[in-house]
Each structure stands twice: as structure tokens, then as C-alpha cells.
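Structure at a glance
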Amino acid sequence: MIFAQEQEEKSKNSSQTSDEYSFYETKSGLSVTVSNNEKEDLPTVAVLATGGTIAGSGTAGKATNYTAGQLDVGTLVDSAAGVTDIANVRGIQVCNVGSDDITDENWITIANTINELAQDENIDGFVITHGTDTLDESSYFLNLTVKTDKPVVMTGAMRPSTATSADGPMNLYQSIALAANEQAKGKGVMVVFSDGIYGGRDVQKISTCQTDAFDSKDFGGMGYMVDGVPYFYNDSVKCHTTETEFDVSSLKELPKVGVAYFTIDADPEILDYYKESGVQGIVIAGAGSGCYSEQWNNKIDELAETGIPVVRCSRIGSGVITQDDYFIGNIARGNDLAPQKAATLLRLILTVTNDIEQVQNMFDKY
Ligand SMILES: N[C@@H](CC(=O)O)C(=O)O
């Protein structure tokens, strides 16, 4: 099976078709590759590729010092042996970058593309391939902005395609199998990694180097994937997808939010910097249960007059932030969310309101 970009380009420039594939454009101008031999008795999954290590290549055998985002979506799908026996796969190349270079524009494009294609009754589910570094932010963003019950699954890899025992092909196979499975409907955005299924809200990257690099902190995973078969045990209780009020269909970008990391002697001037740089919200990666020094407390209180919401989170990675009357200002509590997840949610909340009570309600709800 070939989804190579060159063939796609060639065909696009001529008759829009080739013997094996047809192409059509989404509203955001992305090209969808469709096999002319889709099997009627198989579910159809759209794979949206964004780059990352799963599409990386480097020195044969090695797991480090490679270049992310080298393989196109067709080559990725080809690498997942046996996948065409379980689903018809349509390919979409959104971008091809390391996930540290994913932008809010990419997020909006992915959400809007899924929301558009979800209306197509011939498409049963979605997979997004993504770098692992920021996958937990993108999974939460999409969990809050895609408007469909059809399964949406994200995956990536810790080893580039050229490494010995590259983990990408199996992660992709399991993800396509999950996205094609009726049981995966209505569960919000999921991440499949190293045979685990995780909720897009709760999942975090927990290792810089191991292939079993994702987990859901205190709550465990949602289940397992074993040879393309899902085994579910947990659901997220927080609102997601069709239950959220976030609508990015007419947005080009999201409000900017700064994250300030507190340590002993950390300079509170960072908060002034953020104010002056025009951010619309600030997340504090506080110590312990979202704590910081008296100097920071005073500075955050001073910031209150600007109306910029400040959200207290913890750098610990476990537990919940409860009310603590010592902390003053225009502040909300980031629930159990890691700072990067809180920043994702705050950016979306700021598209709706900056009223601190409503901000807090949404942190409790999502
Ligand atoms: N730096 C890579 C890491 C990965 O994909 O695992 C990225 O996030 O794109």
C-alpha cells in the first residue's frame, strides 16, 4: 500500500485519482487519501499524521540522535503489518514536525478536521500520530474540542522507525484496531501506548527513554490492547468531547497562557514579565499542594487588579489542590491537573470567560 506524498502530489496535479487511490480535500485544505479498494465489511479509520519519533529516522539500530517527522503517513501505515486486514485506512498528513513544534494552529486544524470528517458516515474512527513530548497536552485539547462519539485515539513512539525493535508499528496497529472498535465509542480521546489505553485527560508522559512511557498518574489506565482487542476497566468521569462548551471552529489561535515554575528563591518578577508580555492567564507550577513563597503570594495578589486569572497547580504530579486561604489574588485551583494540562484547559476557558468563579467551575468540571 502506498500513501507516499509524491504519488499524492502527482495525482493531485493531474486527475485527482490514481489507479489505487483517490484524494479529496478537507475544508482546512488537507488532502485525504482513500484506497479505491476499500472493503465494505471493514470499518474505516482516518489516520492524521503530525510527525514525532514514530515518523523519525536516524542511524540504523539506534534509539537516540534521530530526526523526528521524516516518514509520511503512507509509510507509517505500511509499517503496521496486518492493519489492512482489520480496517480500511485513509491517510491525512497534517504536518510533519517534532511535537515540541506543534502549535495552537495545528491543534485547531486537527480538531476541525476530525469534526468535519466525523460527519462522514463512511468513517468510523480516527487515529492521530504525534510526538510523545507534548502528546499529553494535545490529547487533552482534543478531548475538550472534538465533537463526536466516534473513537479518537492518539499514539506515538519512543524509538524512531530506524531503531532496533521500533515501537511505532505496534502502537499504530493497536491504535487503528481500537479506533475501529465499537466498544471505543463515546469514551473521549484515548492514548494507546505500549499496549495500554489511557484517557486523554489523565494521561502523562512519565519516562524520557522507556517504551512504556505513558501512564495516568493516580488513576491507572482505561485498559489494555492485546493483539488488536481492547479490554476496558476504567472510564474518565470528567466531561469531554460532545459534553464540552468549547468551540474552536472559527478560531485561528488560542489565548496565550504563561506557566511559572516555583522553586526556592524563584524570582517573582517572572510574573511581571508574563503580565507585560500580554498573556491572558498564568498557571503556577507550585511546590507541594500548589504552594509558593510569601513574595510570590504578594505579587500574585498585586496582579489581581489586571483581571488575569492565576491557576495554582503542583509540580509534584500527584494529588489534588484544595482550598487554602493563605493564597490570595485572582486565583483558581487547578484540581489534579499537571501544569501543562492546566495551561491547555485555561487557554480553552479563556475563549469563553476570564471570570475567576467560572474558571474554577470549569477546572472542577473538566
Ligand atoms: N521529540 C519527539 C519525541 C517523540 O516523538 O517521542 C517529539 O515529541 O516529537
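Residues numbered from 1 in each chain as written. Predicted model: local features only at pLDDT ≥ 70, side-chain atom pairs only at ≥ 80, totals over all residues. Heavy atoms only, no water.

Considerations on the packing of aromatic side chains
The description of an aromatic ring pair uses the distance of the two centres, along with the angle that the planes make with each other. Counting across every chain of the model gives 9 aromatic pairs. Judged by centre distance (6.0 Å) and plane angle (70°), the rings of Tyr 224 and Tyr 233 are edge-to-face. With a centroid separation of 5.1 Å and an interplanar angle of 55°, the aromatic rings of Phe 246 and Tyr 366 are classed as tilted. Placement of Phe 246 in the loop between strand S12 (229-232) and strand S13 (257-261) and of Tyr 366 in the segment after helix H9 (356-365) is noted, with a sequence separation of 120 residues between them. Like Tyr 366, Phe 246 is buried. Feature note: the residues Phe 262, Tyr 292, Trp 296, Tyr 326 and Phe 327 constitute an aromatic cluster, connected by ring pairs. (Phe/Tyr/Trp six-rings, centres within 6.5 Å; stacked < 30°, edge-to-face > 60°. Helix = DSSP H or I, 4+ residues; strand = E, 2+ residues; numbered from the N terminus. Buried < 20%, exposed > 50% of the residue type's maximum accessible area, 1.4 Å probe, protein only.)

Describing the nonpolar core
Grouped together as the largest cluster of nonpolar side chains are 55 residues, with contacts concentrated most on Leu 48, Phe 126, Phe 141, Leu 142, Leu 345 and Phe 363. Ignoring sequence-local partners within four residues, the contact set of Phe 141 consists of Trp 107, Ile 108, Ala 111, Val 248, Leu 254, Thr 344 and Leu 348. Core analysis: the next-biggest nonpolar cluster, separate from the first, contains 29 residues, Ala 80, Val 153, Ile 176 and Ala 184 among them. (Core = buried A, V, L, I, M, F, W, Y, C linked by side-chain atoms within 4.5 Å. Contact = heavy atoms within 4.5 Å.)

Re the site of the ligand
Surrounding the ligand, one finds Gly 52, Thr 53, Tyr 66, Gly 98, Ser 99, Asp 100, Gly 131, Thr 132, Asp 133 and Ala 157. Side-chain polar atom of Thr 132 to an oxygen atom of the ligand: 2.3 Å apart, as the coordinates give it. With respect to the ligand, the side chain of Asp 133 contributes an N or O atom lying 2.9 Å from a nitrogen atom. Protein coverage of the free-state accessible area of the ligand, which is 260 Å², stands at 89%. (Near = heavy atom within 4 Å. Polar contact = N/O pair within 3.5 Å; in protein donor to acceptor, adjacent residues only side chain to side chain. Areas by Shrake-Rupley, 256 points an atom, 1.4 Å probe, with all protein chains shown as cover.)

A word on helix H6 (residues 269-277)
Residue pairs three or four apart in sequence face the same way in an α-helix, which turns once every 3.6 residues. Buried residues of H6: Leu 271, Asp 272 and Tyr 274, and no others. Seen along its axis, H6 keeps its buried residues to an arc of 160°; they face one direction. Facing away from the buried side of H6, by more than 90 degrees, are the exposed residues Tyr 273 and Glu 276. For H6, the secondary structure elements touched by its buried residues are S13, strand S14 (281-286) and helix H7 (294-303). Gly 278 sits one or two residues past H6 and shows a positive phi near 90°. (Arc of directions from axis to C-beta.)

Here's the deal with the environment of Ala 60
Its place among the elements puts Ala 60 in the loop between strand S3 (44-51) and helix H2 (73-79). The class of Ala 60 is exposed, set by a relative accessible area of 66%. The spatial distance from the C-alpha of Ala 60 to the C-alpha of Pro 151 is 35 Å, given a sequence separation of 91 residues.

A word on the sheet that holds strand S1 (residues 21-25)
If you trace the 10 strands from one edge of the open sheet to the other, you get S1-S2-S4-S3-S5-S6-S7-S8-S11-S12, paired in mixed fashion. Every other strand in the sheet has two partners, leaving S1 and S12 as the edge strands with one partner each. Along the sheet, successive strands turn relative to each other by an average axial angle of 25°, direction set aside. Sheet analysis places S1 next to strand S2 (residues 31-35), joined by 5 bridges and oriented antiparallel. Bridge pairing in S2 links Phe 23 to Thr 33. Lying over the sheet, helix H4 (residues 135-145) contacts strand S5 (125-129), strand S6 (152-155) and strand S7 (190-193), oriented at roughly 170° with respect to S6. (Pairing = 2+ DSSP bridges. Axes fitted to C-alpha atoms, helices over the stretch in contact; angles between N-to-C directions.)

Description of the UniProt feature "domain: L-asparaginase N-terminal" (unreviewed entry) in the protein
In the numbering used here, UniProt assigns the "domain: L-asparaginase N-terminal" (unreviewed entry) feature to residues 45-234. Across residues 45-234 one finds 23% helix and 24% strand; the C-alpha atoms that close the span lie 24 Å apart. (UniProt positions renumbered as here; feature names shortened; annotations may be inferred.)

Considering the side chain of Asn 115
Structurally, Asn 115 is set in helix H3 (residues 104-117). Here Asn 115 falls in the buried class, since its relative accessible area comes to 18%. Looking at Asn 115, its side chain comes within polar contact range of the main-chain oxygen of Thr 145, at 3.3 Å. If sequence neighbours within four positions are ignored, Asn 115 has contacts with Thr 145, Val 146 and Lys 147.

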